[in-house]
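As a plain string of letters, each chain reads:
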Amino acid sequence: MPNNSVSKFYSTSVALVFIMLAFNVALPDTVAALLFLLAIITIGIPHGALDFYIAKGLKTKPSIQWQVAFLGLYVFVTLISISIWLMFPAFGLSVFLLISVYHFSSDWAKLLPKKIALAFAAVVLCAPSLVYKASIIESFTKLLVPEAHATLISLAMQLLAILSFVFLLVQIKKLSKELRKIKWQIIEIMGLLLSAVLLPPLVHFVLYFCLLHSAKHWLAVSQSLDLNFKGMVLISAPIVLATVVGGSLAWWLLPNSAPMTDILRLVFIGLFGLTVAHMVLIDVWQRQQSLQH
Ligand SMILES: CC1=C(/C=C/C(C)=C/C=C/C(C)=C/C=C/C=C(C)/C=C/C=C(C)/C=C/C2=C(C)CCCC2(C)C)C(C)(C)CCC1
Ligand SMILES: [Fe+2]
């Protein structure tokens, strides 16, 4: 698959969603919530489910003890992170946003210099707060963050989005020569900017996270580890299943409230737990890859 394919697929999907909205095609809330959960489980989670395979590839001969220790450490880091969020939600959310900017910036690591990729990731993640402040604060309170803290965090997001955007505008002149060569990536970047400020935040997030972040990761893993799609599905399926079992247990054990609130909590607090270990591993893997090339 050529490298542009993810950009093309993402940009076309964003355009389709804009057309749907222009024609007032709206899904009932429960259908939208189920689609959101389904997309996260079937497309978002699998990109992290390759972590065990990637980690084994980083060792020359991973022993059984090493593999058990890796799995144990990954689960431990996940559970500790989730506990930190449950005890200090505002702190958890702030850390989540910051590490997400860092992790998502790797989507443009090959295309843009590090600082610019970081600023762009900050715009992608924080710009929705400029237009959808109230709905973002509402989502944050559903994630257990007290309203006063949620308001402060959304203000900080607005500030970060504006500062990062200004930084990008200042830098864009320097980049104009390189940018001219990468037509589809420019369309991807424009699509992301429009999606961030025009689409409802959860729709923007799910389109970006599933169709761009996860898709780029699958493509990178398949190219670098020489795996085909079927092989990757087989590798990730048991891990996705284990994650879904873990999520279902949490749903069953923890106190329930409205279904949409429960889905939001399960997805975002769960993703925070998984992100810490996933992010460190992918960082090590990408550093090793750039040393090899
Ligand atoms: C390997 C392994 C495993 C698995 C793993 C996995 C499966 C992973 C995954 C991972 C992942 C899958 C990751 C992800 C990430 C994500 C992120 C990083 C996100 C972020 C986001 C954000 C930050 C958001 C924000 C917001 C909100 C919250 C609301 C609304 C608005 C907005 C959108 C802004 C297990 C444990 C089983 C075992 C051991 C080993
Ligand atoms: Fe990722």
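The rules we used
- Residues numbered from 1 in each chain as written.
- Chains lettered and ligands numbered in written order.
- Predicted model: local features only at pLDDT ≥ 70, side-chain atom pairs only at ≥ 80, totals over all residues.
- Heavy atoms only, no water.
- Salt bridge = Lys/Arg side-chain N within 4 Å of Asp/Glu carboxyl O.
- Helix = DSSP H or I, 4+ residues; strand = E, 2+ residues; numbered from the N terminus.
- Buried < 20%, exposed > 50% of the residue type's maximum accessible area, 1.4 Å probe, protein only.
- Core = buried A, V, L, I, M, F, W, Y, C linked by side-chain atoms within 4.5 Å.
- Contact = heavy atoms within 4.5 Å.
- Polar contact = N/O pair within 3.5 Å; in protein donor to acceptor, adjacent residues only side chain to side chain.
- Patch = residues over 30% accessible without salt bridge, like charges linked within 9 Å, V, L, I, M, F, W, Y side chains within 5 Å.
- Areas by Shrake-Rupley, 256 points an atom, 1.4 Å probe, with all protein chains shown as cover.
- UniProt positions renumbered as here; feature names shortened; annotations may be inferred.
- Near = heavy atom within 4 Å.
- Nonpolar A, V, L, I, M, F, W, Y, C, P; charged D, E, K, R; others polar.
- Donors = N, O, S within 2.8 Å, 3.2 Å for Na, K, Ca; no water.
- Tetrahedral: all angles 85-135°; square planar, octahedral: opposite > 155°, others 65-115°.
- Expected span 1.5 Å × (residues − 1).

Caption draft 1: Expanded view of the pattern of salt bridges. Under the criterion given, the structure shown has three salt bridges. For Lys142, the salt bridge goes to Glu138, with nearest N and O atoms at 3.3 Å. Of this pair, Lys142 and Glu138 both sit in helix H8 (residues 133–142), four residues apart, which is roughly one turn of the helix. We note a salt bridge from Lys216 to Glu188, for which the minimum N-O separation is 2.9 Å. Separated by 28 residues along the polypeptide, Lys216 in helix H11 (residues 201–224) and Glu188 in helix H10 (residues 183–198) bring together distant segments of the chain. Like Glu188, Lys216 is buried.

Caption draft 2: Representation of the nonpolar core within the structure. If you look at the biggest cluster of nonpolar residues, it comprises 67 residues, and the most contacted ones within it are Trp108 and Phe140. Ranked by residue count, the leading element in this core is helix H6 (residues 114–126), at ten residues. If sequence neighbours within four positions are ignored, Phe140 has contacts with Leu93, Leu97, Val145, Ala150, Ile153 and Met157. Counting residues in hydrophobic clusters, the runner-up holds 14 residues, among them Phe70, Leu281, Ile282 and Trp285.

Caption draft 3: Seen up close, the side chain of Lys216. By relative accessible area, Lys216 is classed as buried at 19%. At a separation of 3.0 Å, a polar atom in the side chain of Lys216 contacts the main-chain carbonyl oxygen of Asp107.

Caption draft 4: Inspection of a nonpolar patch on the surface at higher detail. Judged by side-chain polarity, Leu241, Val245, Leu249, Trp252, Leu253 and Leu254 come together as a nonpolar surface patch covering roughly 690 Å² of accessible area. Mapped onto the elements of the fold, Leu254 is located in the loop between helix H12 (229–253) and helix H13 (259–292). For Leu254, a relative accessible area of 45% translates into the label partly exposed.

Caption draft 5: Structural context of the UniProt feature "transmembrane region" (unreviewed entry) in the protein chain. UniProt annotation of "transmembrane region" (unreviewed entry) refers to residues 9–27, 33–54, 66–85, 116–136, 148–170, 191–215, 235–254 and 266–285 when read in the numbering used here. As annotated, residues 148–170 has a helix share of 100% and a strand share of 0%, and its two end C-alpha atoms lie 34 Å apart. Strand forms 0% of residues 235–254 and helix 95%; the C-alpha atoms that close the span are 30 Å apart.

Caption draft 6: Layout of the site of ligand 1. Residues in contact with ligand 1 amount to 28 residues; listed here are only the nearest, Phe96, Ser100, Phe205, Ile239 and Thr275. In isolation ligand 1 offers 960 Å² of accessible surface; the protein chains occlude 96% of this area. Only helix H2 (29–49), helix H4 (64–87), helix H5 (89–105), H8, H11, H12 and H13 provide two or more residues apiece to the shell around ligand 1. Grouping the constituent residues of the shell around ligand 1 by class yields 19 nonpolar, eight polar and one charged.

Caption draft 7: Structural detail: unusual backbone geometry. In this structure, Leu144 takes a positive phi of about 80° despite not being glycine. Tracing the backbone shows Leu144 in the loop between H8 and helix H9 (147–180). Located in the positive-phi region is Asp226, a residue other than glycine, with phi close to 55°. Within the secondary structure, Asp226 sits in the loop between H11 and H12. Overall, Asp226 belongs to the exposed group, its relative accessible area being 71%.

Caption draft 8: Layout of the coordination of the iron ion (ligand 2). Protein coordination of the iron ion (ligand 2) is provided by His47 (NE2), His103 (NE2), His213 (NE2) and His278 (NE2), with donor distances spanning 2.1 to 2.2 Å. The site at the iron ion (ligand 2) holds four donor atoms, and with the angles between them running 86 to 176°, its shape is square planar.

Caption draft 9: Seen up close, the UniProt feature "binding site: Fe cation" (unreviewed entry) in the protein chain. Summarizing the sequence annotation, UniProt attributes the feature "binding site: Fe cation" (unreviewed entry) to His47, His103, His213 and His217 in the numbering used throughout. Spatial clustering of the annotated residues is evident: they stretch over 171 residues in sequence, but the largest pairwise C-alpha distance comes to 13.1 Å. The topology assignment puts His47 in helix H2. Sequence-distant contacts of His47, that is, excluding residues within four places in its chain, are made with His103, Phe209, His213, Ser214, His217, Trp218 and His278. Topologically, His213 is positioned in helix H11. If we ignore the near neighbours within four places in the chain, the residues touching His213 are His47, His103, Phe104, Asp107, Tyr208 and His278. Engagement of the side chain of His213 in a polar contact is seen with the side chain of His47, the distance being 3.1 Å.

Caption draft 10: Summary view of H6. With 13 residues, H6 extends 18 Å between its outermost C-alpha atoms, agreeing within 8% with the 18 Å of an ideal straight helix rising 1.5 Å per residue. Judged by how many residues are buried, H6 sits mostly within the fold: ten of 13 residues are covered. Among all positions in H6, only Ile116, Ala117, Ala119, Phe120, Ala121, Ala122, Val123, Val124, Leu125 and Cys126 are buried.

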